[in-house]
Amino acid sequence: QQQVKQSPQSLIVQKGGISIINCAYENTAFDYFPWYQQFPGKGPALLIAIRPDVSEKKEGRFTISFNKSAKQFSLHIMDSQPGDSATYFCAAKSRGAQKLVFGQGTRLTINP
Amino acid sequence: EADIYQTPRYLVIGTGKKITLECSQTMGHDKMYWYQQDPGMELHLIHYSYGVNSTEKGDLSSESTVSRIRTEHFPLTLESARPSHTSQYLCASSTLAGGPLFFGEGSRLTVL
């Protein structure tokens with residue numbers, strides 16, 4: 001059972017455009033929603049995270065939008081750059097849980 | 001930059017060989033994890049540990065075993081490697097308080 005569903009599986013965006021990756025979850029006990037970025041040959045690294053008490057969190061060009069009622073959250077990359085080309089994973093965790101639940105990953109390519 | 005190290009980075013071995021993938025972290029984290037990553041990107045948790053002498057199986061069944069004799073060290077062993085074990089293995093760690101996961105760069109295993 002996939003607890004966090006991520007889409008799309010792959011995404012191609014032109015340089016300067018907006019990249020949007022979506023995730024949906026079922027478990028209403030989730031209270032921590034991070035996004036990880038993975039470059040080829042590297043392990044994933046935490047990019048940005050949000051808790052459900054806010055609807056949006058922005059760090060530079062990266063924004064998480066959170067819709068608690070719809071049980072969805074998304075990553076927006078503004079002014080996408082070729083250096084943003086990577087695989088992105090959403091994840092979720094409930095309070096007291098020891099493990100993150102990861103989405104399936106999105107391979108993002110930014111064309112110059 | 002996270003201080004979690006995996007060796008070897010790449011390993012090509014024949015069927016039936018015993019292999020150990022090493023993972024060490026210098027952050028004093030109590031929690032450590034092993035993930036198997038498919039070529040199709042998904043991260044599958046195969047083992048985790050909450051501290052010394054604590055090990056648990058993850059969500060994906062694996063023929064590998066792990067040990068946690070020291071806080072900083074969490075090796076993964078395959079007693080008899082098979083081609084089906086060909087994959088990338090990622091080690092990660094976090095604090096008991098539920099902070100972010102820090103990943104190593106991965107060990108890419110190829111079994112011929």
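All values derive from a computational prediction rather than experimental measurement.

## Describing the sheet that holds strand 8 (residues 72-77) of chain A
Residue and element names in this part refer to chain A.
Phase 1 of the analysis: Overall, antiparallel pairing links the five strands, which are arranged 1-3-8-7-6 in an open sheet. Either end of the sheet is taken by a strand with one partner, and the two such strands are strand 1 (4-7) and strand 6 (56-59). Looking at each pair of strands side by side, their axes are set apart by 15° on average, direction ignored.
Phase 2 of the analysis: Two elements, strand 3 (residues 19-25) and strand 8, share six bridges in a ladder whose sense is antiparallel. Bridge pairing links Cys23 to Phe73 in strand 8.

## A closer look at the interface of chain B and chain A
Phase 1 of the analysis: Contacts between the two partners involve 22 residues from chain B, matched on the other side by 22 residues from chain A.
Phase 2 of the analysis: Carbon and sulfur atoms make up 54% of the area that chain B and chain A hide from each other, which totals about 1700 Å².
Phase 3 of the analysis: Taken together, the links from chain B to chain A amount to two salt bridges.
Phase 4 of the analysis: Here A:Lys99 ties to B:Asp59 by a salt bridge, and the two come within 3.2 Å at their closest N and O atoms.
Phase 5 of the analysis: Linking chain B to chain A there are five residue pairs in polar contact (both at pLDDT 80 or more).
Phase 6 of the analysis: For the side of chain B that touches chain A, the elements supplying multiple residues, two or more each, are strand 4 (31-37), strand 5 (43-51) and strand 9 (87-94) of chain B.

## Things to note about the confidence of the model for chain B
Phase 1 of the analysis: On average, residues of chain B score 92 in pLDDT, and 96% of them reach the 70 mark or higher.
Phase 2 of the analysis: Looking at the elements of chain B, mean pLDDT is at its lowest for strand 6 (residues 54-57) of chain B, recorded as 93, and at its highest for strand 3 (residues 19-25) of chain B, recorded as 98.

## Brief notes about the packing of aromatic side chains
Phase 1 of the analysis: Scanning the model with the defined rule gives 17 aromatic pairs over all chains in all.
Phase 2 of the analysis: Ring geometry for A:Phe33 against A:Phe66: centres 4.8 Å apart, planes inclined by 45°, an arrangement best described as tilted. Here A:Phe33 is found in strand 4 (residues 30-38), whereas its partner A:Phe66 is found in strand 7 (residues 62-67), with 33 residues between them in sequence.
Phase 3 of the analysis: Between A:Phe102 and B:Tyr35, the aromatic rings sit 5.6 Å apart at their centres with planes inclined by 90°, giving edge-to-face as the arrangement. Of the two residues, A:Phe102 sits in strand 10 (residues 101-102) while B:Tyr35 sits in strand 4, which places them in two different chains.
Phase 4 of the analysis: Look at A:Phe102 and you get buried, because its relative accessible area is 6%.
Phase 5 of the analysis: Take B:Tyr35: its relative accessible area is 1%, and that puts it in the buried class.
Phase 6 of the analysis: A connected cluster of aromatic rings, assembled from ring pairs, spans A:Tyr36, A:Phe89, A:Phe102, B:Tyr33, B:Tyr35, B:Tyr48, B:Tyr50 and B:Phe103.
Phase 7 of the analysis: The ring of B:Phe74 is capped by B:Arg68, whose NZ or CZ atom sits 5.9 Å from the centre of that ring.

## Considerations on the environment of A:Tyr25
All names here are of chain A.
Phase 1 of the analysis: Along the chain, Tyr25 falls in strand 3.
Phase 2 of the analysis: Between the C-alpha atoms of Tyr25 and Lys58, which are 33 residues apart in sequence, the distance is 21 Å.
Phase 3 of the analysis: Not counting residues up to four positions away in its chain, the partners in contact with Tyr25 are Gln3, Val4, Phe30, Phe33, Phe66, Lys68, Lys71, Gln72 and Phe73.

## Looking at a nonpolar patch on the surface
Phase 1 of the analysis: A cluster of nonpolar side chains, contributed by A:Ile18, A:Ile20 and A:Met78, occupies part of the molecular surface with about 240 Å² of accessible area.
Phase 2 of the analysis: A relative accessible area of 35% places A:Met78 in the partly exposed class.

So, how was this worked out
- Throughout this description, residue numbers start from 1 for each chain and increase along the sequence as written.
- As a convention, the first chain written is A and the first ligand written is 1, with the rest following in written order.
- Per-residue local features are limited, in this predicted model, to residues with pLDDT of at least 70; the limit for side-chain atom pairs, both in listing and counting, is 80 or more; totals at the level of whole chains, interfaces and linings are taken over all residues.
- To obtain the side-chain values, all non-hydrogen atoms of the structure were used and water was disregarded.
- The rule for pairing is simple: two strands pair if DSSP sees at least two bridges between them.
- Under the scheme used here, helices are H or I runs from DSSP no shorter than 4 residues and strands are E runs no shorter than 2 residues, and both carry numbers assigned from the N terminus.
- Note on definitions: angles span 0 to 180 degrees between N-to-C directions of axes, and those axes are lines fitted to C-alpha atoms, for helices only across the stretch in contact.
- The contact rule is simple, with two residues in contact once any of their heavy atoms fall within 4.5 Å.
- Two parts placed together each lose some accessible area under a 1.4 Å probe, and adding up what both lose gives the buried area.
- Just to be clear on terms, a salt bridge is a Lys or Arg side-chain nitrogen sitting within 4 Å of an Asp or Glu carboxyl oxygen.
- Each polar contact in these results corresponds to two N or O atoms within 3.5 Å; when the atoms are within protein, one needs to be able to donate a hydrogen and the other to accept it, and residues that are neighboring in sequence are counted only if both atoms are side-chain atoms.
- pLDDT: the predictor's confidence for each residue, scored from 0 to 100.
- A pair of Phe, Tyr and Trp rings is counted when the ring centres sit within 6.5 Å of each other, with Trp represented by its six-membered ring. The angle between the planes then sorts it: under 30 degrees is stacked, over 60 is edge-to-face, the rest tilted.
- For every residue, the accessible area obtained with a 1.4 Å probe (protein chains only) is divided by the maximum for its type, and the residue is called buried under 20%, exposed over 50%, and partly exposed between those limits.
- Think of it as a cone above the ring: NZ of Lys or CZ of Arg counts as a charge over the ring if it is within 6 Å of the ring centre and within 35 degrees of the ring normal.
- Each patch is built from salt-bridge-free residues with over 30% relative accessible area, joining like charges within 9 Å and nonpolar side chains (Val, Leu, Ile, Met, Phe, Trp, Tyr) within 5 Å.
- Here, Shrake-Rupley sampling with a 1.4 Å probe gives the accessible areas, and only protein chains in the shown set may cover a residue.

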